[in-house]
Amino acid sequence: MEITSEQVQNVTVITLKGDIDGKTAGTTQQTVLPMIPSNGRLLLDMSAVPYMSSAGLRMLLLIYRQAQSKHSEVALVGLTDDIKDTMSATGFLSYFLTAADVTDGVKSFSA
């Protein structure tokens with residue numbers, strides 16, 4: 001798993017590259033949780049995540065809950081159809097703003 005971050009306008013953009021499964025979810029979580037801003041906006045770019053297991057869903061839920069405790073918003077962009085379908089079927093998708101790409105994701109916070 002490769003994780004990078006940058007600021008785009010007033011949004012913390014974290015780009016994830018690689019599968020999120022039982023082997024990578026824990027380290028991804030440990031890396032991402034401290035990056036959640038207080039009273040801010042976090043965008044997870046998942047366009048380079050081809051597969052996510054249930055461990056990834058748990059990780060996203062923890063990120064969402066941590067962001068809520070810090071009064072921050074979270075958006076997901078670049079979800080594959082398979083990941084989006086799984087998140088929709090399990091109800092996880094309703095927790096997040098979603099967009100096609102980083103540009104639209106940044107705009108979704110102000111919409």
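Residues numbered from 1 in each chain as written. Predicted model: local features only at pLDDT ≥ 70, side-chain atom pairs only at ≥ 80, totals over all residues. Heavy atoms only, no water.

Concerning the nonpolar core
When a protein is soluble and globular, its nonpolar side chains tend to lie buried together.
Moving on, step 1. Ranked by internal contacts, the top residues of the largest apolar core, which has 27 residues, are Ile-20, Leu-44, Met-46, Met-52, Leu-60, Leu-76 and Met-87.
Moving on, step 2. Counting only elements with at least two residues in this core, the list comes to strand 2 (11–17), helix 1 (25–32), strand 3 (41–48), helix 2 (54–69), strand 4 (73–77) and helix 3 (81–90).
Moving on, step 3. For Met-87, the residues in contact, after removing those within four places along its chain, are Met-52, Leu-57, Leu-60, Leu-76, Leu-79, Phe-92, Leu-93 and Phe-96.
Moving on, step 4. Of all hydrophobic cores here, the second largest spans seven residues; its members include Val-11, Ala-75, Val-77 and Val-106. (Core = buried A, V, L, I, M, F, W, Y, C linked by side-chain atoms within 4.5 Å. Buried < 20%, exposed > 50% of the residue type's maximum accessible area, 1.4 Å probe, protein only. Helix = DSSP H or I, 4+ residues; strand = E, 2+ residues; numbered from the N terminus. Contact = heavy atoms within 4.5 Å.)

What to know about the sheet that holds strand 4
Moving on, step 1. Sheet architecture is open: five strands sit in the order 1-2-3-4-5, paired in mixed fashion. Here the strands that pair on one side only, and so sit at the sheet edges, are strand 1 (2–8) and strand 5 (97–99). Neighbour-to-neighbour, the strand axes of this sheet turn through a mean angle of 25°, independent of strand direction.
Moving on, step 2. Relative to strand 3, strand 2 runs parallel, the two being bridged by five bridges. Within strand 3, the position partnered with Ile-14 by the bridge is Leu-44. (Pairing = 2+ DSSP bridges. Axes fitted to C-alpha atoms, helices over the stretch in contact; angles between N-to-C directions.)

Some points on unusual backbone geometry
Moving on, step 1. With phi around 50°, Asn-39 is a residue other than glycine that occupies positive phi space.
Moving on, step 2. Residue placement: Asn-39 occurs in the loop between helix 1 and strand 3.
Moving on, step 3. In this structure Asn-39 comes out as exposed when scored by relative accessible area, which is 62%.
Moving on, step 4. A positive phi angle is found at His-71, which is not glycine, with a value near 60°.
Moving on, step 5. The topology assignment puts His-71 in the loop between helix 2 and strand 4.
Moving on, step 6. Residue class for His-71 comes out exposed when judged on its relative accessible area of 61%.

It is worth stressing that arrangement in space is one thing and function is another; only the former is reported here.
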